[in-house]
Amino acid sequence: MFKNILGAFSSDLAIDLGTANTLVLVKGQGISINEPSVVAIQYDKHGQEHILAVGQEAKDMVGKTPGNIKAIRPMKDGVIADFHVTEMMIRYFIEKAHKRKSFFSPRIIICVPYGLTQVERKAVKESAMNAGARYVYLIEEPMAAAIGAGLPIREPNGNLVVDIGGGTTEIGVISLGGLVLSKSIRVAGDKIDASITDYIKKRFNLLVGDRVSEELKIKIGTASQLPEELRTIVKGRDQVEGMLTSVEISSEDIREAIKEPLKEIGEALKSVLEKMPPDLAGDIVENGIVLTGGGALIRGLDKYLSDLVKLPVYVAEDPLLAVAKGTGRALDEIDLLQQTAFED
Ligand SMILES: Nc1ncnc2c1ncn2[C@@H]1O[C@H](COP(=O)(O)OP(=O)(O)OP(=O)(O)O)[C@@H](O)[C@H]1O
Ligand SMILES: [Mg+2]
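Please read all numbers here as calculations on a predicted model, not as lab measurements. (Residues numbered from 1 in each chain as written. Chains lettered and ligands numbered in written order. Predicted model: local features only at pLDDT ≥ 70, side-chain atom pairs only at ≥ 80, totals over all residues.)

**Topic: the overall build of the protein**
Turning to step 1, where the next piece is worked out: Looking only at helices and strands, the protein has 13 helices and 18 strands in total.
Turning to step 2, where the next piece is worked out: Computed over its C-alpha atoms, the radius of gyration of the protein comes to 21 Å, within 12% of the 20 Å expected for a compact globule of 344 residues.
Turning to step 3, where the next piece is worked out: The principal-axis extents of the C-alpha atoms in the protein amount to approximately 70 × 65 × 30 Å.
Turning to step 4, where the next piece is worked out: When burial is assessed residue by residue, the protein has 45% of its 344 residues classed as buried.
Turning to step 5, where the next piece is worked out: Here the analysis covers contacts within the protein between residues at least 6 apart in sequence; of these, 65% occur between residues at least 24 apart. (Helix = DSSP H or I, 4+ residues; strand = E, 2+ residues; numbered from the N terminus. Rg over C-alpha atoms; globule rule 2.2 N^0.38 Å. Buried ≥ 20, exposed ≤ 12 C-beta atoms within 10 Å, placed from the backbone. Contact = placed C-beta atoms within 7 Å.)

Below, the structure is given as structure tokens:
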């Protein structure tokens, strides 16, 4: 009874705690926070740390900070690299969502990478409890991605979703509201960016940061041949001469640069298809494969994967928002789903 009264006054939250981006959705209001998972910390002369910025403002500082400031991505490769900073970030985002609307001991569902260890899961839950949550539930990313992509997950009909985020690519086969088969590899946006950085260094003797590589990927990156290839100018430091300089780079260069990580994603997808229970195989042939996560936005990736596995591949609507939307939908059905989709 008391809990029900509390529930009536609280605005529950759904959080997509991603390696690259964190999204917070307030029940009944939609997405209220969508920011990079980056924290800028300043160290004072006593070595004490203070949060200088979180989110976009902090991401803009990456690679540009003086000695006493550090811009940290506390989650890397789909794992928690820095527990303390992750906790600070979770609290910051929950408190920020709080300020938008008065609320009281909310229930919070957090979508976490599939590969998180028990220790990491516990740390995430505790951070949210410390920030004032009444209950914290965790939901796994392939499930949230599938719900967010609008797949009919409850039916006795197999659906395959590939979520390509910043740290991990997660592949899940879902039927009757459960994950039948899944695979997570630590190859996604970040590795793709690092491959571009390496390629530019080798091919053009030019040193650029991963932020620049990410921009190139978004601007001209492609997985398949384009009718008209794209070009842009990239600035950096010449490795040999040490001078600041610029070169012209094409979408063909980027395609060559990202060949390896894309191949690994393709191999992971193939390995899941090879393990597919025969009764679900027919469903996948019929339904095709749905891509979510920011990596789904790489030009021609749907065609690249489709050519590889000889199945239809579709990009979900708003792939960057799919996991947050799916986590939000789970929040709407929290009482219904409690026994099945969540772990305590
Ligand atoms: N238009 C685009 N083209 C290509 N890649 C993009 C585009 N927009 C975003 N990305 C990439 O998508 C990735 C972030 O995706 P997303 O927000 O789904 O990851 P995440 O959920 O934070 O990570 P994870 O699920 O691995 O924890 C980044 O690597 C980013 O560079
Ligand atoms: Mg994600």
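**A closer look at helix α11 (residues 301–309)**
Turning to step 1, where the next piece is worked out: Of all the residues in α11, the buried ones are Leu301, Asp302, Tyr304 and Leu305. Within α11, the buried residues cover an arc of 165° as seen down the axis, which keeps them to one side.
Turning to step 2, where the next piece is worked out: Taken together, the buried residues of α11 touch α9 (259–274), β17 (289–292) and β18 (313–315).
Turning to step 3, where the next piece is worked out: Lys310 occupies a position one or two residues after α11 and carries a positive phi of about 60°. (Arc of directions from axis to C-beta.)

**What about the site of ligand 1?**
Turning to step 1, where the next piece is worked out: The environment of ligand 1 is formed by 24 residues, the closest being Gly18, Ala20, Gly165, Gly189 and Gly294.
Turning to step 2, where the next piece is worked out: Looking at the shell around ligand 1, the elements that each hand over two or more residues are α6 (189–204) and α7 (210–220).
Turning to step 3, where the next piece is worked out: No other element matches α7, which puts three residues into the shell around ligand 1. (Near = placed C-beta within 6 Å.)

**A short note on the pairing of strand β2 (residues 21–26)**
Turning to step 1, where the next piece is worked out: Most of β2 sits inside the fold, with six of its six residues counted as buried.
Turning to step 2, where the next piece is worked out: In β2, alternate side chains face the same way, and those of Asn21, Leu23 and Leu25 on one face and Thr22, Val24 and Val26 on the other are all buried.
Turning to step 3, where the next piece is worked out: Bridge count for strand β1 (residues 13–17) against β2 is five bridges, and the pairing is antiparallel. Each residue of the ladder has a partner; that of Ala14, found in β2, is Leu25.
Turning to step 4, where the next piece is worked out: Connecting the antiparallel pair β1 and β2 is a turn made up of three residues.
Turning to step 5, where the next piece is worked out: Linkage of β2 to strand β3 (residues 30–36), two consecutive antiparallel strands, is achieved through a turn of three residues, within which Gly28 is found at a positive phi near 85°. (Pairing = 2+ DSSP bridges.)

**Thoughts on the sheet that holds strand β13 (residues 178–185)**
Turning to step 1, where the next piece is worked out: Taken in spatial order, the five strands line up as β13-β12-β11-β17-β18 in an open sheet, and their pairing is mixed. Strand pairing shows two members of the sheet lacking a second neighbour, β13 and β18, which therefore form its edges. Neighbour-to-neighbour, the strand axes of the sheet open up by a mean angle of 20°, direction not taken into account.
Turning to step 2, where the next piece is worked out: Relative to β17, strand β11 (residues 159–164) runs parallel, the two sharing four bridges. Considered in β17, the bridge of Asp163 is made with Thr292.
Turning to step 3, where the next piece is worked out: Strand contacts of helix α5 (residues 141–148): β11, β12 (169–175), β13 and β17, with the helix running at about 65° to β12, the strand carrying the most contacts. (Axes fitted to C-alpha atoms, helices over the stretch in contact; angles between N-to-C directions.)

**Some remarks on unusual backbone geometry**
Turning to step 1, where the next piece is worked out: For Leu176, which is not glycine, the phi dihedral falls at a positive 50°.
Turning to step 2, where the next piece is worked out: In this fold, Leu176 is placed in the loop between β12 and β13.
Turning to step 3, where the next piece is worked out: The phi dihedral of Asn205 is positive, around 55°, even though this residue is not glycine.
Turning to step 4, where the next piece is worked out: Mapped onto the fold, Asn205 is located in the loop between α6 and β14 (206–207).

**Considerations on the domain arrangement of the protein**
Size of an interface, as often reported, equals the accessible area lost when the parts are brought together.
Turning to step 1, where the next piece is worked out: As assigned here, the protein comprises domain 1 (1–34 + 84–144 + 317–344), domain 2 (38–72), domain 3 (145–187 + 260–316) and domain 4 (189–258).
Turning to step 2, where the next piece is worked out: The partner domain 2 presents four residues to the four residues of domain 1 that form the contact.
Turning to step 3, where the next piece is worked out: For the side of domain 1 that touches domain 2, the class distribution of residues is four nonpolar, no polar and no charged. (Domains from an automatic or database assignment. Nonpolar A, V, L, I, M, F, W, Y, C, P; charged D, E, K, R; others polar.)

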